[in-house]
Structures are given as C-alpha cells and as structure tokens.
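Structure at a glance
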Amino acid sequence: MIMDNIIEVKNVTYEYSEDNISYAALKDFSLNIERGSFTVILGHNGSGKSTLAKLLNGLYKPTSGDVLVDGINTKDEKTELEIKRKVGMVFQNPDNQLVASIVEEDVAFGPENLGLEPAEIRKRVDDALKSVDMYEYRESTPHHLSGGQKQRIAIAGIIAMQPECIVLDEPTAMLDPKGRAEIISTVRRLNIEKGITVVLITHYMEEAENADRVLVMNDGGIIADSTPKEVFSNVERLKNVGLDVPQTTELLYRLKSAGLPVNTHVISIKEAADEIERALHSEDN
Ligand code: ADP
Ligand code: MG
C-alpha cells in the first residue's frame, strides 16, 4: 500500500539564534503525517513541540532539511498562502485568535481574505459554525463566551478556510475540563466526518486516548511513535522523560507492580475496570 502523506518532514534541523549563540530545537527530525489521520504529540516543556507546529505550515522555515505539505516545499515563497490555507493552526489562547466582535464576522475573516463570493462566504461560515456546534451563537459577542466556546470559534475560523489539516498547539491548556472535552470531541468529529487531518499537541495524556497515533517528543527528537495503547503501556519510558501516564494506566501499573497480573495495555476507565476484574478472577482460580 502506498502511504498518502499530507505532511513530510525530512531531516529537519531548526536553530534559534540569539546573541550569536544558536540552539537546535529540532535535530535531524523526520516525520510523515498520513492524510486523514489523527495524531497526538506529547512531550514536556521545551521538547520542541511548538517549533515543530510552526514548521508544519511554513510559519518557520527549516534551518536545514525540508517540510513538504501536499508535496509542496514550505521554503517556496510563491506557495506560502496555499500552504497556510492547507494547514490551519490553532493556538493556546483563544483570546489572541479572535479578531472580530461578532462570532460570525470572526469566522468570516479567513474566507473574506481568500476573496470568495459573499454567498460562498455565508455558506462556509454557517457550515463551519455548525461543525463546531456553535451555530446558535453566530450573532453573539465572543467576549461573553466560555474559553471552550471561544476556542471552538477559533477552530470554526480555520474550518471555513477548508484546510486539509489542522495543527492545534495545546488548544486546551487554558480551558477547564468541560472546555477541554468540548475541543477534543470537536476535533475528533471533524477528523472522522470531514476527513480533516489532525495534529494535536497537548500535555494532557487523556487527550491522546482516541488518537490513531501518539508521538512522544523529547529534546528535539521523537522517542515514541505508536498507538496510544502501545505508548502508554511503556510507563517507565514516559516517566523517564518527565511525563505522566493516564490515571487508568497509572493504577494498572501500580497494581501490576504489587503483583496483580493485569495487562497495562488499556486506557479507558471501562477497559481498566474490566481488566482489574478479570485479573482478580484469574487470581481466584
Ligand atoms: P515546547 O513547545 O515543546 O515547549 P518549544 O518548541 O517551544 O518547545 O521550544 C523548544 C526549545 O527551543 C526550548 O529549549 C526553547 O527554550 C527553545 N526556544 C523556543 N522558542 C525560542 C525562541 N524564540 N528563541 C530561542 N529559543 C527558543
Ligand atoms: Mg509549546
């Protein structure tokens, strides 16, 4: 089977320079993102996640190596806008991303800049607001909405540009648990229903539960790249790079250390409960 990659990062090194001292935040970094996939990137502060995010839509250009979006090199200045349209970015702070004082005007901002017909803009704005479940708030003032709602408006603004891929850099970091859950279920739905490729950067382990693929970054490189179950079952490796594991995995890990024969390859609460019950029964026999 031929892999269809929307993004290819090839041997990228990215250096920040300050006072004649340069520091490589990414070192000979390579990564392919398959079209239509849902990838979660984890890693402690300073591991290079945001640097990678900004390289994915051409906001940063590699110091060496190449980033290809849909086969187009981000170094090519002529296609800069095309790349920004293909890969939408959502950042941490929703307040910094909203530009207009009415929700629907905010969502219309991107499509207007694409120079689309008013009828097409109207349609895109309505569709985008419906897809993040915020249509009923179209005439509201973003200022009065919750953090989770504001972040969904920011996502709608990206969706209205009809991107191939959305990169979200810790979009839930400033939200409460309810807002976080809203964002995670919204992006998962956009991935499944619209086929939009999602790259979600987070440090909440639980948000990786439903990903197709989890990458763990450390010190400008990748130290794990697999399914959520595989990645989280390696508890020692995550702890070694200063990351926590989901609470369910932590519980199973401790039970296993205490001698209960449980399998740590589960993440959801239901699976964990079933696994503990199974292990307890197998002890009885
Ligand atoms: P993360 O998002 O995983 O916290 P970043 O990509 O923001 O990591 O940072 C990776 C490394 O690059 C860190 O060591 C950070 O200090 C450094 N860095 C990030 N931004 C800059 C900058 N503007 N100038 C200099 N160094 C930076
Ligand atoms: Mg960051």
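Residues numbered from 1 in each chain as written. Chains lettered and ligands numbered in written order. Predicted model: local features only at pLDDT ≥ 70, side-chain atom pairs only at ≥ 80, totals over all residues. Heavy atoms only, no water.

Some words on the sheet that holds strand β7 (residues 165-169)
A sheet is described by the order of its strands in space; here 6 strands give the open sequence β6-β7-β8-β3-β9-β10, paired in mixed fashion. Each edge of the open sheet is held by one strand with a lone partner, namely β6 (87-90) and β10 (221-226). Strand-to-strand twist of the sheet, defined as the mean angle between neighbouring strand axes without regard to direction, takes the value 20 degrees. Where strand β9 (residues 213-218) lies against β10, 5 bridges are found, and the strand directions are antiparallel. When the sheet's bridge partners are listed, Val214 is paired in β10 with Ser226. The sheet contacts of helix α5 (residues 147-159) involve β6 and β7, and relative to β6 the element is tilted by about 165 degrees. (Pairing = 2+ DSSP bridges. Helix = DSSP H or I, 4+ residues; strand = E, 2+ residues; numbered from the N terminus. Axes fitted to C-alpha atoms, helices over the stretch in contact; angles between N-to-C directions. Contact = heavy atoms within 4.5 Å.)

Some words on the pairing of strand β2 (residues 21-34)
Relative to β2, strand β1 (residues 5-18) runs antiparallel, the two sharing 10 bridges. The partner of Ile7 across the bridge, within β2, is Ile33. Hairpin connection from β1 to β2: 2 residues lie between these consecutive antiparallel strands, with Asp19 at a positive phi of about 50 degrees.

Considerations on the packing of aromatic side chains
Each aromatic ring pair is characterised by the separation of its centres together with the angle its planes make. Evaluation of the coordinates by the stated rule reveals 3 aromatic pairs. An angle of 80 degrees between the planes, with centres 5.0 Å apart, marks the rings of Tyr14 and Tyr16 as edge-to-face. On the accessibility criterion, Tyr14 (12% relative accessible area) is buried. Seen from their ring centres, Tyr16 and Tyr60 are 6.0 Å apart, and the 85 degrees between their planes marks the pair as edge-to-face. Taken together, the residues span a long stretch of sequence, with Tyr16 in strand β1 and Tyr60 in the loop between α1 (49-56) and β4 (64-69) at a distance of 44 residues. Among the aromatic side chains, those forming a connected cluster through ring pairs are Tyr14, Tyr16 and Tyr60. Of note, Arg138 hangs over the ring of Tyr135, and the distance from its end group to the ring centre comes to 4.1 Å. (Phe/Tyr/Trp six-rings, centres within 6.5 Å; stacked < 30°, edge-to-face > 60°. Buried < 20%, exposed > 50% of the residue type's maximum accessible area, 1.4 Å probe, protein only. Lys NZ or Arg CZ within 6 Å of the ring centre and 35° of its normal.)

Some details on the packing of helix α4 (residues 118-131) against α5
Their axes nearest at 8 Å, the elements α4 and α5 cross at an angle of 135 degrees. One element, α4, and the other, α5, form an angle in the oblique class. For the pair α4 and α5, the sense of crossing is right-handed. Together, Ala128, Leu129 and Ser131 of α4 and Ile153, Ala156 and Ile159 of α5 make up the contact between the two elements. Its residues assigned to classes, the contact of α4 with α5 shows 5 nonpolar, 1 polar and no charged. (Parallel < 35°, antiparallel > 145°, perpendicular 65-115°, else oblique. Left-handed = near helix turned anticlockwise from the far one by under 90°. Nonpolar A, V, L, I, M, F, W, Y, C, P; charged D, E, K, R; others polar.)

So, the sheet that holds β2
The strand order β2-β1-β4-β5 describes an open sheet built from 4 strands, whose pairing is antiparallel. Each edge of the sheet is formed by a strand with only one pairing partner; in this case those strands are β2 and β5 (72-73). Judged from the 2 bridges that link them, β4 and β5 form a sheet pairing that is antiparallel. Note on β5: the bridge partner recorded for Val69 is Ile72.

As for the environment of Tyr135
Tracing the sequence through the fold places Tyr135 in the loop between α4 and α5. Along the sequence, Tyr135 and Pro228 sit 93 residues apart, while their C-alpha atoms lie 33 Å from each other. Residues contacting Tyr135, with those up to four places away along its chain left out, are Asp126, Leu129 and Lys130.

Remarks on unusual backbone geometry
Not every positive phi belongs to a glycine, and Asp19 is a case in point at roughly 50 degrees. Its place among the elements puts Asp19 in the loop between β1 and β2. For Asp19, a relative accessible area of 71% translates into the label exposed. In this model, Asp219 sits at a positive phi of 50 degrees, which is unusual for a non-glycine residue. Looking at where Asp219 falls in the secondary structure, it is placed in the loop between β9 and β10. Judged by its relative accessible area of 47%, Asp219 falls in the partly exposed class.

Some thoughts on the site of ligand 1
With respect to spatial proximity, the complete set of residues near ligand 1 consists of Tyr16, Glu18, Tyr23, Ala25, His44, Asn45, Gly46, Ser47, Gly48, Lys49, Ser50 and Thr51. In the model, an oxygen atom of ligand 1 is placed 2.7 Å from a nitrogen or oxygen of the Gly46 main chain. A distance of 2.5 Å separates an oxygen atom of ligand 1 from a polar atom in the side chain of Thr51. With the chains in place, 64% of the 560 Å² that ligand 1 exposes on its own is no longer accessible. (Near = heavy atom within 4 Å. Polar contact = N/O pair within 3.5 Å; in protein donor to acceptor, adjacent residues only side chain to side chain. Areas by Shrake-Rupley, 256 points an atom, 1.4 Å probe, with all protein chains shown as cover.)

Shape descriptors only; they carry no functional weight alone.
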